[in-house]
Amino acid sequence: MANPLYDRLIAPHAGTETPFLHLPDSRTISYAAFAGRTAQFAHALAAMGLNAGDRVAIQAEKSPDTLALIFACARAGLIFLPLNTGYTPAEIGYFVENSGAAAFVCDATRADQMRPVVEGFGAQLATLDPDGSGSLQAAADGHGTDFPPVDRNPDDVAAFLYTSGTTGRSKGAMLTHENLLSNAETLVDHWGFTADDVLLHALPIFHTHGLFVATNVMLLAGGSMIFLPKFDLDTVLRDLPKATSMMGVPTFYTRLLDTPAFTKDLAGHMRLFISGSAPLLADTHRQFEARTGHRILERYGMTETNMNTSNPYDGDRRPGTVGFPLPGVDLKVCDPETGETLPRGEIGMIEVRGPNVFKGYWQMPEKTAAELRADGFFITGDLGLQDADGYVHIVGRGKDLIISGGYNIYPKELELLLDDQPGVAESAVIGVPHPDFGEGVVAVLVPEAGASPDLDAIRAHLAESLAAFKRPKRIELIDALPRNTMGKVQKNILRDAYADSFTK
Ligand code: MLC
Ligand code: AMP
């Protein structure tokens, strides 16, 4: 009998009182207590009538119980779908319907607005709250702290992570036990994580970075995490002296550099700072080194593939590059049109293959076939090159995607909503430089002839439909969108025109 994620991440420390999570209120949760909680939740999920392979959608605030629930799903052979806590009922409805989730778990404060949506798609609703008062927690409290893990093969799906596409429809990327475990094993080894490490964890746990990179790595290494609800600068500065390592998106690092309170003294003892999910400016890398003496280790990954490349732990961490392909990962740079491998040094489409690469998109065989080649190479949508020394550089994106503070925003999703607004003939959504988020969203609207669109009403409509991080930070009106001779909107011209939107 085997359950790869349980066997490797939970079982080895299940009997130990070693600390796993350090919480802001000074409480510590041991490995044994965490493992016991995953058993209690696994019982509670089984009591709801859920069976192996069923999907459980989770939109709950970051807390030790939310993390335990995620691992309870793995233990019980269920597939978990972690969802951004900012998603609106309209967004959640899509994920629940598309995944066919049998259960939806959210905070009690959201239960009333979510219930009609999710129950309409046949999912049971249960609540989970940071203070322990949720219905699922009450059910779990009554159960024992042992639960026989449900048998799973390495190739069985453990998680769906939804990622949008250029058509604006989100796709459920199916990640198997093997995908997640193999990547965590590689990263522990590559980055030198051990049981002595204390990771400052300020990322959300509904994405690859905070969940699979940070948490799985620490579980495998047997280290502990300072588990913060979010990135709050003062708390991070307070807790940094107790940490050995931190993982963050570039915004974490620019925010730290923006405060004089972030000094060499505060960071000097640290073993490792890692950045990813969005490009880290070479300038940020250099400023960070000048301030702290540390060279941030930048790596590159994505939802469908986990981590693909990393700068070396021992060796030259080069600013503006994402390092070398990780052990076990094949990476090639191809002609985007023909798929032919290009000579070293030329810019093309990055493709990757390895045990880290997902199984496909849930119930979307044609989208899977379009991005995942029969020989196992995944077409990332990222444009880059591998230099003479083997370092990979990401130079752009072949996909219409904005990355803001590490969150992905797909322009098409916004454009479809904006085009439908009264008085709007058409729209284009772009990302332009933003001092805090890296890229900020600007919506450019073309009014219908003689119309003056009501921008407040449009903002109100977007607020109902979209999570706050996706909403445009600026809306601009323009007479006509620039188009090329084929009729395609030239977003590069718009990006140039609005380049200073947030920087001046
Ligand atoms: C918050 N807001 C954002 C935003 N985060 N807007 C754009 N982009 C973001 N990332 C909105 C808020 O809703 C709010 O809007 C306003 O901006 C101000 O919020 P804030 O208080 O300044 O934001 P904060 O809570 O501090 O969050 C910023 C952040 C957070 C950078 C700390 O976004 C974050 O933790 N990002 C990490 C994302 C992540 O984990 N990505 C990994 C993906 S995995 P309003 O309207 O309410 O005022 C992946 C694979 C890989 O990519 O390789 O790792
Ligand atoms: P996601 O689908 O949320 O996992 O986002 C993945 C995308 O983030 C990748 O396809 C890249 O475009 C981008 N990304 C991740 N890490 C880096 C990095 N270090 N540098 C540049 N882009 C990155």
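Everything below is about the structure shown above.
K.L.:
Describe the packing of helix H4 (residues 89–99) against helix H5 (residues 108–120), naming the residues involved and giving the relevant values.
P.N.:
Between H4 and H5, the least distance of the axes is 9 Å, while the angle of their chain directions is 30°. Here H4 runs over H5; the crossing is right-handed. Counted together, Pro89, Ile92, Gly93 and Val96 of H4 and Gln113, Met114, Val117 and Val118 of H5 form the full contact between these two elements. Considered class by class, the residues forming the contact of H4 with H5 number six nonpolar, two polar and no charged.

K.L.:
Could you give me a rundown of helix H10 (residues 250–257), with the residues and numbers involved?
P.N.:
One turn of an α-helix holds 3.6 residues; hence residues three or four places apart share an orientation. Across the eight residues that make up H10, a large majority, seven, are buried. Among all positions in H10, only Pro250, Thr251, Phe252, Tyr253, Thr254, Leu256 and Leu257 are buried.

K.L.:
Which residues make up the site of ligand 1, and what are the values?
P.N.:
In the vicinity of ligand 1 there are 24 residues, among which Arg255, Ser277, Arg299, Ser404 and Gly406 approach most closely. The separation between an oxygen atom of ligand 1 and a polar side-chain atom of Arg299 is 2.7 Å. At 2.6 Å from a nitrogen atom of ligand 1 is found a side-chain nitrogen or oxygen belonging to Ser404. Compared with its free state, where it exposes 1000 Å², ligand 1 has 73% of that area covered by protein. For the shell around ligand 1, the secondary-structure elements that each account for two or more residues are helix H8 (208–221), H10 and strand S13 (297–302). In terms of residue class, the shell around ligand 1 is made up of 11 nonpolar, nine polar and four charged.

K.L.:
Which residues make up the sheet that holds strand S23 (residues 424–434), and what are the values?
P.N.:
Read from one edge to the other, the open sheet built from three strands follows the order S23-S24-S25, with strand pairing classed as mixed. The two strands at the open ends of the sheet, each matched to only one other strand, are S23 and strand S25 (474–477). Between one strand and the next, the sheet's axes are offset by a mean angle of 25°, whatever the strand orientation. Both S23 and strand S24 (residues 438–447) contribute to a ladder of 10 bridges, which runs antiparallel. Looking at S24, one finds that Val424 is bridged to Pro447. Sitting on the sheet, helix H14 (residues 411–419) touches S23 and S24, and the angle it makes with S23 is about 145°. Where helix H15 (residues 455–465) meets the sheet, its contacts fall on S23, S24 and S25, and the angle it forms with S25 comes to roughly 135°.

Definitions and cut-offs
Residues numbered from 1 in each chain as written. Chains lettered and ligands numbered in written order. Predicted model: local features only at pLDDT ≥ 70, side-chain atom pairs only at ≥ 80, totals over all residues. Heavy atoms only, no water. Axes fitted to C-alpha atoms, helices over the stretch in contact; angles between N-to-C directions. Helix = DSSP H or I, 4+ residues; strand = E, 2+ residues; numbered from the N terminus. Left-handed = near helix turned anticlockwise from the far one by under 90°. Contact = heavy atoms within 4.5 Å. Nonpolar A, V, L, I, M, F, W, Y, C, P; charged D, E, K, R; others polar. Buried < 20%, exposed > 50% of the residue type's maximum accessible area, 1.4 Å probe, protein only. Near = heavy atom within 4 Å. Polar contact = N/O pair within 3.5 Å; in protein donor to acceptor, adjacent residues only side chain to side chain. Areas by Shrake-Rupley, 256 points an atom, 1.4 Å probe, with all protein chains shown as cover. Pairing = 2+ DSSP bridges.

Purely spatial values, then, with no claim about function.
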